[in-house]
Amino acid sequence: AICGLGKEFYNMAENNPRYRELHNQNSQIMMMYLDRIEVIVIDDKIFNFFTTQLKNKDLNMIARFNQEVVLSRILPTLSFPFVFNSKQTRDVFNRGLNRIKATAKYKYILNLNW
């Protein structure tokens, strides 16, 4: 996040000793629900996916995972490219993706509420 969200965000993060980036998004979400952190920067579909996983995994914590959260779109929407280690892998991926796009399943996947 620190590199992709613009100069103002970068400067805030570099000058804020309390700013941390967690690459394990499951831990990031868990820390928020346990009131260890108040704000996270995360894609909403990733947030919903991991929250659902946590709800299904730890029934003792389900009340925490059902607490209300507020989603605010204050940062620009980013797109991240797929990066492949070879042309062959990319081509296999693209063929598979094109097969999915040719069916109703693609639209279904895009509309899932993770």
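Because the structure is predicted, anything quoted here is derived from the model rather than measured.

Enquirer: Got a minute to help me understand the environment of I46 in this structure?
Expert: Among the structural elements, I46 can be located in helix α3 (residues 44–57). Residue class for I46 comes out partly exposed when judged on its relative accessible area of 30%. Measuring from C-alpha to C-alpha, the distance between I46 and Q25 comes to 8.2 Å, with 21 residues separating the pair along the chain.

Enquirer: Sorry if this is basic, but what is going on with the layout of surface pockets here?
Expert: Gaps left between atoms are located by rolling a probe of water-molecule size over the structure's atoms. A volume near 1900 Å³ is recorded for the largest pocket. For the largest pocket, the lining is made up of 43 residues, of which Q28, V39, I40, V41 and I42 are closest to its centre. Taken together, the elements giving at least two residues each to the lining of the largest pocket come down to α1 (6–15), α2 (25–33) and α3. At 5 residues, the largest contribution of residues to the lining of the largest pocket is made by α2. Of the residues in the lining of the largest pocket, the class split is 24 nonpolar, 9 polar and 10 charged.

Enquirer: Just to check I follow, could you spell out the packing of aromatic side chains for this structure?
Expert: The relation between two aromatic rings is expressed through the spacing of the ring centres and the mutual angle of the planes. Summed over the entire model, instances satisfying the criterion amount to 6 aromatic pairs. With a centroid separation of 5.8 Å and 85° between ring planes, the pair formed by F9 and Y19 is classed as edge-to-face. Here the residue F9 occupies a position in helix α1, and Y19 occupies one in the loop between α1 and α2, the gap between them amounting to 10 residues. Ring geometry for F49 against F50: centres 5.3 Å apart, planes inclined by 80°, an arrangement best described as edge-to-face. The class for F50 is partly exposed, based on a relative accessible area of 22%.

Enquirer: Can you help me understand a nonpolar patch on the surface in this one?
Expert: Where nonpolar side chains cluster on the molecular surface, the patch consists of I100, Y108 and I109 and spans about 270 Å² of accessible area. For Y108, a relative accessible area of 54% corresponds to the exposed category.

Enquirer: I'm lost on the pattern of salt bridges in this one. Help?
Expert: A side chain with one charge may pair with a side chain of the opposite charge, provided their charged atoms come close. Counted under the stated rule, the structure contains 2 salt bridges. A salt bridge links D91 to K87; its shortest N-O distance comes to 3.0 Å. With D91 and K87 both in helix α5 (residues 87–101) and 4 residues apart, this pair spans about one turn of that helix. A single salt-bridge network, built from bridges that share partners, covers K87, R90 and D91.

Here is what the cut-offs are and how they apply
Positions within a chain are numbered from 1, following the residues in the order the chain's sequence is written. Confidence filtering applies because this is a predicted model: local features only for residues at pLDDT of at least 70, side-chain atom pairs given and counted only at 80 or more, and all residues used for totals across whole chains, interfaces and linings. Each side-chain value is derived from all of the structure's non-hydrogen atoms; neither hydrogens nor water enter the calculation. Put simply, DSSP H or I for four residues or longer makes a helix, DSSP E for two residues or longer makes a strand, and each gets a number counted from the N terminus. Note on classification: 1.4 Å probe, protein chains only; a residue is buried when its accessible area is under 20% of the maximum for its type, exposed when over 50%, partly exposed between these limits. Cavity means a closed set of points on a 1 Å grid over the protein atoms alone, one where a 1.4 Å probe fits but cannot get out, pocket means an open set with protein on both sides within 12 Å along at least 5 of 7 lines, and lining means a residue has an atom within 4 Å of a point. Grid points are joined across faces, edges and corners, and a volume is the space filled by probe spheres set on the points. Ten residue types, Ala, Val, Leu, Ile, Met, Phe, Trp, Tyr, Cys and Pro, are classed as nonpolar, four, Asp, Glu, Lys and Arg, as charged, and the remainder, Gly among them, as polar. For Phe, Tyr and Trp, rings pair up if their centres lie within 6.5 Å, where Trp contributes its six-membered ring, and each pair is then called stacked (planes under 30 degrees apart), edge-to-face (over 60) or tilted (otherwise). Note that patches include only residues with greater than 30% relative accessible area and no salt bridge, and the join distances are 9 Å for like charges and 5 Å for nonpolar side chains (Val, Leu, Ile, Met, Phe, Trp, Tyr). Computed by Shrake-Rupley with a 1.4 Å probe, the accessible areas treat only the displayed protein chains as cover when residues are assessed. When a carboxyl oxygen of Asp or Glu is within 4 Å of a side-chain nitrogen of Lys or Arg, the pair counts as a salt bridge.

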